[in-house]
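# Descriptive analysis of the structure
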Amino acid sequence: MEEQRESSKDEVVSPSIAVAATAAGQPPPSSLSRLPVEDQPSSIPKRRQELLKWNGWGYKDSKFILNKNGHVEFTGERYRLSGHVMPHLREWMSKTVGIDLDQKTPAQPELTAADIPLPNINDAFVEELKRSGISYSDDPTDRLFRAHGHTLHEVFVLREGRFARIPDLVVWPGCHKDVEEVVKLAGKHNVVIIPFGGGTSVTGALECPSHEKRMIISLDTSQMARILWLDEKNLTACCECGIIGQDLERRLTEKGYCTGHEPDSIEFSSLGGWVATRASGMKKNIYGNIEDLVVHIKMVTPRGTLEKSCLVPRISSGPDLHHVIMGSEGTLGVVTEVTIKVRPLPEVCKYGSIVFPNFESGVSCLQEVARQRVAPASIRLMDNEQFQFGHALKPEVGSFLASFVEGLKKLYITKIKGFDLTKISVATLLFEGSKEEVSAREKKVYEIASKFGGIPGGEENGQRGYMLTYVIAYLRDLGFEYFIVAESFETSAPWDRVLDLCRNTKDRIIRECKERGVQFPPYATCRVTQTYDAGACVYFYFGFNYRGVANPVELYEEIERCAREEILASGGSISHHHGIGKIRKQWLQRTVSEPGFGLLQAVKQYLDPQNIFGNGNLMIPDSKL
């Protein structure tokens, strides 16, 4: 059934085209300072299955394996860790979560067309879609790749089961006008739309509601991946929603600019997805979260296109409509274009690290750094359990000299400074700016750290810790093969609650696992990843060995719900940046109040009375509106 579109609309917006757009009712441009940006192919192909795993995280060629010598090795050539052996990781996995290499649980074979249900096709919709020239497919693999995100539940289903419902059709609009046409046709024929960006959701946001009887289409924005223009005078760029983070930064870098927005998922997540989930990045201390970067948003709803009439840095025009769009998680419409702030590339990028005697002193240091407003672009503090994990991920030492230096470092920390390796906590740092800015900020941060017992841990450890962010997600796939289920979740909390929240949540996880019959001690750890004047974001990692457990995913979800209850009771939030999706809906009304929840439902009812964007997220009840 697939139809391929060869034509490409609106390749770039030149000044003359931009002026014409104004006459059509779009926001007036400052056309003289706008430059077109050359179109380039996306790093992620239209056929995602050509490059990405079908039942795990990331690229096909990148994964943790046990090599012929029985050591853990990371394959491929894409990452700093690629091609390296980690001689300590196997022992760490055995001691920490009880992995037994003789006890393996392989995934099911890759699903074929015979394993995937036939699509529920609305013939009238498809006939009109075909006449529009917009590309679409009912290929089973195309549909399956867009049926899920990356929660534990979703990936476990791919490895061992079947989804009850997947999209019936994948549609690839090529521009804003195409999206308007698809939404119009969906409204006319009562078809459900689930927007799809990079597929990195960890809230169940992309799963099809199992009760839905109408045809469901996955509106894949990957073919809307252009930077339409770059404004060097106003330092803004207008981009289509489907551009992937790594492509956005690379293309801007070629012009001497960046957004500075680097979520952990930057390799695969899209700009539209960042807006739809209110995303946060690792370098938010300098560049801001997505709400700080957005200047203008265009979103297609069943009522029409929602946008402001001007491109200005701030406007007082009642409640900010951008904040209705940001965090809406595909429930109100499709974000199609985003104008975002850019900055000239920093003159200096410098990594660093600080070793603290314990997690408590590290948290106190981060709070003081935030209070004095001297935070580097990124400052992230890991507890001792994560430090031990990071140490286990160290590649094998290649020379006697390197081994000798490592020994000296350990001697200095333990014997001379008197730190206990079972208690220490480590912060990784990234400074960006001019030489003078970086030097001054670096000096100040290390001065503050010393007041809390912190000592410099070296630039290499800082860079290594920062880069490990991109490969840690791959480790869960190895765990699956040896009876390990694991997931991460996050929250935000005021400074005076951070330590209690971390301790209470980890204790609750350990207690729940014990009471529910988990035979092996769970892995429960945390890190502080983003800091603010009034508090911080805390990330938790939780996993356990499920040998002897009948329903491991169900048990995991029950324990994570208990952990979330503990977070809320300890003064934390429902989410810092992952969003609500389906897995946190039960706490939404408690979080925003009954009137607030009613307001969200009223907005939904006005913009989408037919529930065309019926993905079941946020305020949408489990049965049709």
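Okay, so let's go over this structure. (Residues numbered from 1 in each chain as written. Predicted model: local features only at pLDDT ≥ 70, side-chain atom pairs only at ≥ 80, totals over all residues. Heavy atoms only, no water.)

Below, the discussion takes up the sheet that holds strand S5 (residues 135-137). Within the open sheet, the four strands sit side by side as S5-S6-S8-S7. Their pairing is mixed. Among the strands making up the open sheet, the edge pair consists of S5 and strand S7 (192-196). Averaged over all pairs of adjacent strands, the angle between strand axes in this sheet comes to 25°, irrespective of strand direction. Pairing geometry for S5 and strand S6 (residues 169-172), over three bridges, is antiparallel. By the bridge assignment for S6, Tyr-136 is matched with Val-171. (Pairing = 2+ DSSP bridges. Helix = DSSP H or I, 4+ residues; strand = E, 2+ residues; numbered from the N terminus. Axes fitted to C-alpha atoms, helices over the stretch in contact; angles between N-to-C directions.)

So, about the packing of aromatic side chains. A complete count under the given rule lists 19 aromatic pairs for this structure. Measuring from ring centre to ring centre gives 6.1 Å for Phe-156 and Tyr-546, while their planes differ by 75°; the resulting arrangement is edge-to-face. Of this pair, Phe-156 sits in helix H5 (residues 152-160) while Tyr-546 sits in the loop between strand S22 (535-545) and helix H18 (552-569), and the two are 390 residues apart along the sequence. Residue classification places Tyr-546 among the buried positions, given a relative accessible area of 6%. Centre to centre, the rings of Phe-483 and Tyr-546 are 5.2 Å apart; their planes meet at 55°, and the pair counts as tilted. Residue Phe-483 is located in the loop between helix H16 (459-480) and strand S20 (484-494), and its partner Tyr-546 is located in the loop between S22 and H18; the two are separated by 63 residues in the primary sequence. Chaining the aromatic ring pairs together yields one cluster made of Phe-64, Phe-74, Tyr-79 and Tyr-474. In this structure, Arg-146 packs its charged tip against the face of Phe-196, placed 5.8 Å from the ring centre. (Phe/Tyr/Trp six-rings, centres within 6.5 Å; stacked < 30°, edge-to-face > 60°. Buried < 20%, exposed > 50% of the residue type's maximum accessible area, 1.4 Å probe, protein only. Lys NZ or Arg CZ within 6 Å of the ring centre and 35° of its normal.)

Another aspect to go through is the side chain of Thr-221. Secondary-structure assignment places Thr-221 in the loop between strand S8 (216-220) and strand S9 (227-231). By relative accessible area, which is 5% here, Thr-221 ends up buried. Beyond its immediate sequence surroundings of up to four residues, Thr-221 is in contact with Phe-196, Gly-197, Cys-241, Gly-242 and Val-334. (Contact = heavy atoms within 4.5 Å.)

Let us now look at empty space enclosed by the protein. All chains considered together, the criterion is met by four cavities of 30 Å³ or more. Roughly 140 Å³ of volume is contained in the second largest cavity. Taken together, 14 residues line the second largest cavity, and the ones lying closest to its centre are Arg-48, Leu-52, Lys-53, His-150 and Gly-199. Taken together, the residues of the lining of the second largest cavity break down into five nonpolar, seven polar and two charged. (1 Å grid on protein atoms, 1.4 Å probe; cavity = no way out; pocket = protein on both sides within 12 Å on 5 of 7 lines; lining within 4 Å. Points joined across faces, edges and corners; volume = space filled by probe spheres on them. Nonpolar A, V, L, I, M, F, W, Y, C, P; charged D, E, K, R; others polar.)

Okay, the sheet that holds strand S1 (residues 34-35) next. Through backbone hydrogen bonds, the strands of a sheet pair up, either in parallel or in antiparallel fashion. What the six strands build is an open sheet, ordered S1-S9-S10-S14-S12-S13; its pairing is antiparallel. Looking along the sheet, the strands with just one partner apiece sit at the ends: S1 and strand S13 (304-306). Sheet topology note: the strand S12 (residues 294-301)/strand S14 (residues 334-341) ladder contains six bridges and is antiparallel. Residue Met-299 lies in a different strand from S14, and its bridge partner there is Val-335. Sheet strands touched by helix H6 (residues 176-189): S12, S13 and S14. Its angle to S12, the strand with the most contacts, is close to 35°.

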